[in-house]
Amino acid sequence: MRIKPFRLERWLLRNAELDLGGGGVSKLRLGDVLPSLDPDTLMKYGRTDGSDELKEKLMEWFPGIEPENILITSGTSEANLILNLTVLESGDHYLTENPQYEQTTGLAKAMGVKVDEFQLREDDAWRPDIEEIKEKINPQTRVIFLDNPNNPTGAVLTRDEMKAISEIAEDAGAYLHCDNALRGSELNGEPASTPLKFTERGVVTGSVSKLGATSPRIGWIIGEPSLIERCWVMKDYTTLGHSGLGEAVAIAILGKREQLIERNLQISRTNLKTLGEWVKKRLDFDWRQPDAGFTGFPKYEHGIGSEELCERLLTEKGVLLSPGSFFGKEQHLRINTGSRGGALAEALSRLGGLADGLSMR
Ligand SMILES: Cc1ncc(COP(=O)(O)O)c(C=O)c1O
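For clarity, every value in this text was computed on a predicted model and none was experimentally measured. (Residues numbered from 1 in each chain as written. Predicted model: local features only at pLDDT ≥ 70, side-chain atom pairs only at ≥ 80, totals over all residues.)

A. Molecular detail of the site of the ligand. For the ligand, the set of nearby residues contains 14 residues, the closest of which are G75, T76, S77, S207 and S209. Considering each element in turn, the shell around the ligand owes the most residues, three residues, to helix α4 (residues 75-87). Looking at side-chain class alone, the shell around the ligand contains two nonpolar, 10 polar and two charged residues. (Near = placed C-beta within 6 Å. Helix = DSSP H or I, 4+ residues; strand = E, 2+ residues; numbered from the N terminus. Nonpolar A, V, L, I, M, F, W, Y, C, P; charged D, E, K, R; others polar.)

B. Expanded view of the nonpolar core. Counting residues in hydrophobic clusters, the biggest one holds 61 residues, and the most contacted among them are V143, I144, I165, A169, I221, I222 and I253. If we ignore the near neighbours within four places in the chain, the residues touching A169 are I144, A174, Y175, L176, T199 and R201. (Core = buried A, V, L, I, M, F, W, Y, C linked by C-beta atoms within 7 Å. Buried ≥ 20, exposed ≤ 12 C-beta atoms within 10 Å, placed from the backbone. Contact = placed C-beta atoms within 7 Å.)

C. Spatial organisation of the packing of helix α10 (residues 257-281) against helix α12 (residues 343-356). It is at 10 Å that the axes of α10 and α12 come closest, and there the two elements cross at 20°. Judged on the interaxial angle alone, α12 and α10 are roughly parallel. Remark: the crossing between α10 and α12 carries right-handed chirality. Only L344, A345 and L348 of α12 make contact with α10, whose side of the interface consists of N271, T274, L275 and W278. (Axes fitted to C-alpha atoms, helices over the stretch in contact; angles between N-to-C directions. Parallel < 35°, antiparallel > 145°, perpendicular 65-115°, else oblique. Left-handed = near helix turned anticlockwise from the far one by under 90°.)

D. Fine view of the sheet that holds strand β15 (residues 333-336). On the basis of which strands lie adjacent, the open sheet formed by three strands has the order β11-β15-β14 and antiparallel pairing. Of all the strands in the sheet, the pair left with one neighbour each is β11 (295-296) and β14 (322-323). Across two bridges, the pairing between β14 and β15 is antiparallel. Residue pairing for β15: P323 is matched across the bridge by L333. (Pairing = 2+ DSSP bridges.)

E. Fine view of the sheet that holds strand β3 (residues 93-98). In space, the eight strands of this open sheet follow the order β2-β9-β8-β7-β6-β3-β4-β5, with mixed pairing throughout. Taken across any chain shown, the strands that pair with only one partner, and hence form the sheet edges, are β2 (70-73) and β5 (127-128).

Set out below in structure tokens:
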């Protein structure tokens, strides 16, 4: 299999004085959720489909699901990998929204799947055009992919939009894969809708990463039992067991879910205000206020490409942002709104200094 480098993830390894390239919130310390780990804990696999205790925590967060709807994985990343390996075959058609986080489409392309896009329209608050989805679906479409809440835009589909897209998937006999990694970051405090209520062909992936903990590497696939069973068969060949220690931490995190969400929202609200005020003062930047997530995705009115702009910002000003081109949208920058302290204000001031020296389009 030939697979292209995942540009964003390599870019995020660059060193920077001010690192605002990522898409998550300032990380929790282990002691914030689990003050003591019993040293007699055996360092074994978790049960390969996930422990009852972890599944119960997820059933509280996703009302209406049962244990047989859940497979625990090593992060959303493995959940997406397992799902793609389970449902896709070379020659299938895959319809994804754009912009979005490149993982699932990069994998699908490497598997010989034909990837097609429908656009989220910036001038309509990053909403999809349901008619465009209907036009682009065909008898070979195996998966419709949504990144909801969306990374990088932070837009959240309405319940009606989710229902309409679910119906399209159902009619076409396609799966509706909703990457729900940003669950818990919705600014109105309401979890974004998922396809689970609308179609048996709906499947959701996610993790505890965006609650503030990427190192437990605990995620999930939620879907109808026969699909989950097939995904479990696949998991025996990918990682077999997720981390047992990670599972203990994830249980503690989900046990404090509401409190952690409140902490995270306070961080993102403060930063979104800072970013909003900055954009308002600039003639060369504009944006749509996100509904969720830990990123803003402003567009700029300069001719320079987003990779070149980010490279210059890093080398000349010591600031790491992520280029819009890595999400399928040029002339945009993804700016992290999950940091604490004055990092964002300082990064924006340096970005403004660089942009002042650039010619407008
Ligand atoms: C939409 C989306 N999906 C998946 C991932 C991978 O997350 P995880 O740490 O759960 O593997 C990310 C990480 O940024 C993401 O933004």
